Amino acid sequence: MPKVLVLGGRFGALTAAYTLKRLVGSSADIKVINQSRFSYFRPALPHVAIGVRDVDELKIDLSEALPNKGIKFQEGKVQKIDAKNSKVIYTKSDGSTEEEDYDYVIVGIGAHLATELMKGWNEYGYSVCEPEFASKLREKLNEFKGGNITIGSGPFYQGHNPKPKVPENFVPNADSACEGPVFEMSLMLHGYFKKKGLLDKVKVTVFSPGEYLSDLSPQSRKAVASIYQQLGVKLVHNFRIKEIREHEIVDEKGNKLDSDLTIVLPPYTGNPALKNSTPDLVDDGGFIPTDLNMVSLKYDNVYAVGDSNSMTVPKLGYLAVMTGRIAAQHLANRLGVHTKIDSYYPTIVCVADNPYEGFAVSVKDDTWYGGSITVAEPAAVNHLKKELFTKYFMWTKGDMALEKFLASW
Ligand SMILES: Cc1cc2nc3c(=O)[nH]c(=O)nc-3n(C[C@H](O)[C@H](O)[C@H](O)COP(=O)(O)OP(=O)(O)OC[C@H]3O[C@@H](n4cnc5c(N)ncnc54)[C@H](O)[C@@H]3O)c2cc1C
């Protein structure tokens, strides 16, 4: 029986594993390898930071959820993929190293959050990208009595060579990997401090390594600028953060911003396990270039999905789910199950929530790729969308089978 290894345990990898299992049933042996037994619903981690959700509500035990659906699970940290010999080398939780052969591998281990590229991160940096970061920020916000808050993303170290085999306009150059969480945090904090009666004591500045939200149309950016004007949020473009100090942040050119609390989406680089893999599997940034079916340009039995794939720009859950589904559909055909393969078409779909004020801004935009869809709407119903998205993910244990329908409302 063909053996399929799926690496990773969030949007990209889980979608690929569940979809493939649904399509091929028992005609393939499918095993997921993730560095932790647990997976967390990342888009609600900002909600943990402001105290409306607890980390445990967002936790999935993969060692139960996957075997319940007939998928094997192995906890292990991938060290490298030996694509020439079709092997994955990983370390188990007891420290031992394992080598596992595959007929096919689907790589969904995401990108690397390069906190080490920001001096002062350990002492003064805060984030919401992982459960432990969101919990630490929650404590800090609890005790925050006023001052300057900066929120922004670090630079994105995007790969460029070799390019994926997709239309040129599908992969724009991006200064930031994803500014959705930055936008969401800036909205949420307004509601949070309003509720605490501290709004007049807090000054929020949003910074961006390029032009803020450059992946949205000029019209949507204007709508965001007007929201920020109403909320009293200052916007600073072209600030590539390099250092975090106790009361200020510094960019690569030496510019400074006052900051008593710095919340950052860290710089994104390629995953170290991929940089360590067979060199021609990855591009110069450590991401895997593929064709539109998510098949590696160099290794026919390797698929890449989600943030690990060089074509997903920006690094979005919506694109991770789409690429995971396409990889599974394509592989199912190769395994003898004839099924329709969806077409990859990039669109920015995300919802920036503000639970304390009971609304969210829903964004749908493909103008960056040459399309004409551009929506950025604040509405109460969009807050319910985010709630439903969270509940759906937790209820299905990360199986986003209906996601393409949910995202179209
Ligand atoms: C705070 C925040 C909020 C967001 N909100 C949204 C949103 O509302 N909507 C949206 O569309 N996108 C959102 N995004 C973006 C979205 O979360 C990512 O694009 C998405 O998670 C990418 O999924 P992935 O599965 O490709 O990679 P990841 O989510 O990075 O998952 C990678 C998985 O691989 C595992 N892994 C990593 N390295 C190894 C290794 N060496 N060995 C084994 N396992 C490994 C990780 O533990 C993880 O389980 C948000 C991002 C952040 C940071």
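- Going by an unreviewed UniProt entry, the protein carries the name Pyridine nucleotide-disulfide oxidoreductase and comes from Acidianus brierleyi.

Overview of the nonpolar core
- In this structure, Leu7, Ala17 and Ile106 are the most contacted members of the largest nonpolar core, which totals 122 residues.
- Among the elements that take part in this core, helix α9 (residues 317-334) stands out by supplying 10 residues, more than any other.
- Looking at which domains feed residues into this core, each of domain 1 (3-112 + 269-334) and domain 2 (113-267) gives three or more.

Some thoughts on helix α1 (residues 11-24)
- Here α1 is 14 residues long and its end C-alpha atoms lie 20 Å apart, about the 20 Å a rise of 1.5 Å per residue gives.
- For α1, the tally of buried residues reaches 12 of 14 residues, placing the bulk of the element in the interior.
- Within the sequence span of α1, burial applies to Phe11, Gly12, Ala13, Leu14, Thr15, Ala16, Ala17, Tyr18, Thr19, Leu20, Lys21 and Val24.
- Contacts made by the buried residues of α1 are with β1 (3-7), β2 (29-34), α3 (62-68), β9 (104-107) and α9.
- Gly25, located one to two residues past α1, shows a positive phi value of around 55°.

Points about the sheet that holds strand β20 (residues 302-304)
- What the 5 strands build is an open sheet, ordered β5-β2-β1-β9-β20; its pairing is parallel. Edge positions in the sheet fall to β5 (72-75) and β20, since each of these pairs with one other strand and no more. If you compare each strand with its neighbour and ignore which way they point, the axes differ by 20° on average.
- As defined by bridge partners, β1 adjoins β9 across 4 bridges and the pair is classed as parallel. Bridged to Leu7 within β9 is Val107.

Basis of the calculations
Residues numbered from 1 in each chain as written. Predicted model: local features only at pLDDT ≥ 70, side-chain atom pairs only at ≥ 80, totals over all residues. Core = buried A, V, L, I, M, F, W, Y, C linked by C-beta atoms within 7 Å. Buried ≥ 20, exposed ≤ 12 C-beta atoms within 10 Å, placed from the backbone. Helix = DSSP H or I, 4+ residues; strand = E, 2+ residues; numbered from the N terminus. Domains from an automatic or database assignment. Expected span 1.5 Å × (residues − 1). Contact = placed C-beta atoms within 7 Å. Pairing = 2+ DSSP bridges. Axes fitted to C-alpha atoms, helices over the stretch in contact; angles between N-to-C directions.

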